[in-house]
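# Commentary on secondary and tertiary structure
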Amino acid sequence: MGLTSRPLLYAMGALAVACVGLTLRLWPRYAGRGPRALLGRFGAIAVTQLAIVATLGLAVNANFQFYASWHELLGLYDGAPAAVGKWGKGGTAGPVGDPSKGLVQPSGPDGLDKVHGLPKGRPDRVGRVESVRIVGKRTRAVDGAYVYLPPQYFQRPYARQRFPVVVALSGYPGGTFLLGQHLRLPQTAAGLIRSGRMQPTVIVMMRPTIAPPRDTQCMDVPGGPQAETFFARDVPDALRSHYRVGHDPGSWGVLGYSSGGSCALQLVMRHDRTYTAAAALSPDYKVSNDPTTGNLFGGGKDRIRRRQEHDLMWRLAHLPAPEVNVLVGTSRTGEKNYPAARAFLDAVRPPMTADSIVLGHGSHNFATWRRELPAALQWMSRSLTFPEDLVGNS
């Protein structure tokens, strides 16, 4: 049974109930003071607690889709989308994709069938959300994505038209499912486009790590996962090869929440020839090592330089500002990142521009990010240029 399957959840729930019942039934037998009685009570409590905790863990994972399979949970994944594995110099982790079969390949549902409120009906009227795998031409990494295509993508007047694109990144250890089910990104975008408050846009939903369960922070790790190259170069190349999306950086943006928002800022400030706008909800402003990341900066004399270059405050103080637009979402109370957000926004200087969404109160959760999302998408729509080049033009 799959890690997120209902039969497994129901079976574990039934086991937990059975353990509670057996513990109540057998408890009088272990009422003595001898070793056998003590071991019996300890065993009954331990087994019952483990069954209950496992049931709760499976229920939470099924709802939030932190891990889609047993292999992914254990870091032993041997098929798409990706996994931890051995790396060589400049190599990739886990499964190696085959670009000769296409840089965007059809995928299984990957949780898309469990997302509520997606458009239903003819694509030329309501749009469509696809589940695909993206293969890195350079990194050969493989990662899953949901792709929202607006109704105009399928309409005859737009048959040769390219569209602006937003790459949307979830937090860690979340994934594409959370962007659809809990952030409600495609549903919100569809409503804004339908009402004319957002231009028709292709939205590509991904998680920010290409080597789960490791948090790669969208970085090229020395001797490890090349996540930055994947998101800054491989993903745009793959999307341009398969979808009618713009070729000019002015039509490309990146959006994310939590660690996905951190990645959005890192990508737009480090790769302004790929992305020119970033909307970051509750981000951090520098990359740091922690137990989920391992050593992201490597060793040797370049370690300090790599750490500095992934500190956005250091970049603003010591490097030329890129010609990009950024939006930061934060809350005055309820989130710890408000002082850091204010310092970052104050440090931005031309030609870089910055805007903000500042709530009076909001926690680090989806309720806050859903409140910020409509304004962030409309800001992104104003920041991106609708491509002028048509399919078939030289």
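Residues numbered from 1 in each chain as written. Predicted model: local features only at pLDDT ≥ 70, side-chain atom pairs only at ≥ 80, totals over all residues. Heavy atoms only, no water.

Counting secondary structure elements, the chain contains 12 helices and 9 strands. Out of the 394 residues belonging to the chain, those deemed buried represent 53%. Accessible area of the chain: about 18,200 Å², with a carbon and sulfur share of 56%. (Helix = DSSP H or I, 4+ residues; strand = E, 2+ residues; numbered from the N terminus. Buried < 20%, exposed > 50% of the residue type's maximum accessible area, 1.4 Å probe, protein only. Areas by Shrake-Rupley, 256 points an atom, 1.4 Å probe, with all protein chains shown as cover.)

This paragraph deals with the environment of Val-235. In this structure, Val-235 sits in helix α7 (residues 227-242). Look at Val-235 and you get buried, because its relative accessible area is 0%. Val-235 sits 131 residues away from Val-104 along the chain, and the two C-alpha atoms are 9.2 Å apart. Look past the residues within four positions of Val-235 in its chain and what remains in contact with it is Ile-134, Val-167, Met-206 and Phe-230. (Contact = heavy atoms within 4.5 Å.)

For the rest of this paragraph, the subject is the nonpolar core. Among the nonpolar cores identified, the biggest contains 49 residues, and Ile-134, Leu-239 and Phe-344 are the most heavily contacted of them. The element best represented in this core is α7, accounting for 7 residues. Ignoring any residue separated from it by four or fewer positions in sequence, one finds Ile-134 in contact with Leu-103, Ala-141, Val-142, Asp-143, Ala-145, Val-204, Met-206, Phe-230, Val-235, Ala-238 and Leu-239. Val-166, Phe-177, Leu-179 and Met-198 belong to the second-largest nonpolar core, a separate cluster that totals 36 residues. (Core = buried A, V, L, I, M, F, W, Y, C linked by side-chain atoms within 4.5 Å.)

This brings us to the environment of Arg-371. Tracing the chain through its elements places Arg-371 in helix α12 (residues 366-383). Taking C-alpha positions, Arg-371 is 9.9 Å from Ile-357, a pair spaced 14 residues apart along the chain. Setting aside anything within four residues of it in sequence, one finds Arg-371 in contact with Leu-359 and His-361. Among the polar contacts made by the side chain of Arg-371, one reaches the main-chain carbonyl oxygen of His-361 at a distance of 3.1 Å. (Polar contact = N/O pair within 3.5 Å; in protein donor to acceptor, adjacent residues only side chain to side chain.)

Relative to the assigned elements, Gly-117 resides in the loop between β1 (104-106) and α4 (123-126). The exposure class of Gly-117 is exposed, given its relative accessible area of 52%. Gly-117 sits 71 residues away from Thr-188 along the chain, and the two C-alpha atoms are 9.9 Å apart. Residue contacts for Gly-117: discarding those within four places in its chain leaves Arg-184 and Gln-187.

Moving on, we come to the state of the cysteines. The final tally for this structure, using the stated rule, is 1 disulfide. Each disulfide pairs two cysteine sulfurs, and for Cys-218 the partner residue is Cys-263, the sulfurs being separated by 2.3 Å. As the torsion about the S-S bond is roughly 100°, the Cys-218-Cys-263 disulfide counts as right-handed. Of this pair, Cys-218 sits in the loop between β5 (202-206) and α7 while Cys-263 sits in helix α8 (residues 259-270); the two residues are 45 residues apart in sequence, bridging distant segments of the chain. Judged by its relative accessible area of 2%, Cys-218 is buried. A relative accessible area of 1% places Cys-263 in the buried class. (Disulfide = S-S within 2.5 Å.)

In this model, the chain carries a mean pLDDT of 86, and residues with pLDDT of at least 70 account for 88%. Below a pLDDT of 50 lies the segment residues 75-95, which in the model reaches 54 contacts outside its immediate sequence neighbourhood of four places, other chains included. (pLDDT = per-residue confidence, 0-100.)

The step from Tyr-172 to Pro-173 runs through a cis peptide bond, and the omega angle for that step is 10°. On the secondary structure map, Pro-173 appears in the loop between β4 (165-169) and α5 (176-181). Residue Pro-351 is bonded to the preceding Pro-350 through a cis peptide linkage, with omega at 5°. Inspection of the secondary structure assignment puts Pro-351 in the loop between α11 (338-347) and β9 (353-361). Non-glycine residue Arg-140 carries a positive phi angle of around 60°. With respect to the element layout, Arg-140 can be found in the loop between β2 (128-135) and β3 (142-149).

Bringing a nonpolar patch on the surface into the picture now. Taken together, Val-20, Leu-24, Ile-52 and Leu-56 make up a surface patch of nonpolar side chains, about 360 Å² in accessible area. Those elements that place two or more of their residues in the nonpolar patch are α1 (6-26) and α2 (35-64). Mapped onto the elements, Ile-52 comes out in helix α2. Since its relative accessible area comes to 32%, Ile-52 is described here as partly exposed. (Patch = residues over 30% accessible without salt bridge, like charges linked within 9 Å, V, L, I, M, F, W, Y side chains within 5 Å. Salt bridge = Lys/Arg side-chain N within 4 Å of Asp/Glu carboxyl O.)

Quick look at the layout of surface pockets now. A volume near 340 Å³ is recorded for the largest pocket. Along the wall of the largest pocket there are 19 residues; nearest its centre are Gln-217, Ser-259, Ser-262, Pro-283 and Asp-284. Taken together, the residues of the lining of the largest pocket break down into 5 nonpolar, 8 polar and 6 charged. (1 Å grid on protein atoms, 1.4 Å probe; cavity = no way out; pocket = protein on both sides within 12 Å on 5 of 7 lines; lining within 4 Å. Points joined across faces, edges and corners; volume = space filled by probe spheres on them. Nonpolar A, V, L, I, M, F, W, Y, C, P; charged D, E, K, R; others polar.)

Right, let's get into the side chain of Thr-139. Looking at the secondary structure, you find Thr-139 in the loop between β2 and β3. Polar contacts involving the side chain of Thr-139 include one to the side chain of Asp-234, which spans 2.7 Å.

Before going further, it helps to spend a moment on the packing of aromatic side chains. Evaluation of the coordinates by the stated rule reveals 10 aromatic pairs. A centroid spacing of 5.3 Å and a plane angle of 80° characterise the contact between Phe-230 and Phe-231, whose relative ring orientation is edge-to-face. Grouping residues by exposure puts Phe-230 and Phe-231 together as buried. Seen from their ring centres, Phe-366 and Trp-369 are 5.3 Å apart, and the 85° between their planes marks the pair as edge-to-face. Highlighted residues: Phe-366 and Trp-369, both in helix α12, separated by 3 residues, approximately one helical turn. Given a relative accessible area of 4%, Trp-369 falls into the buried group. (Phe/Tyr/Trp six-rings, centres within 6.5 Å; stacked < 30°, edge-to-face > 60°.)

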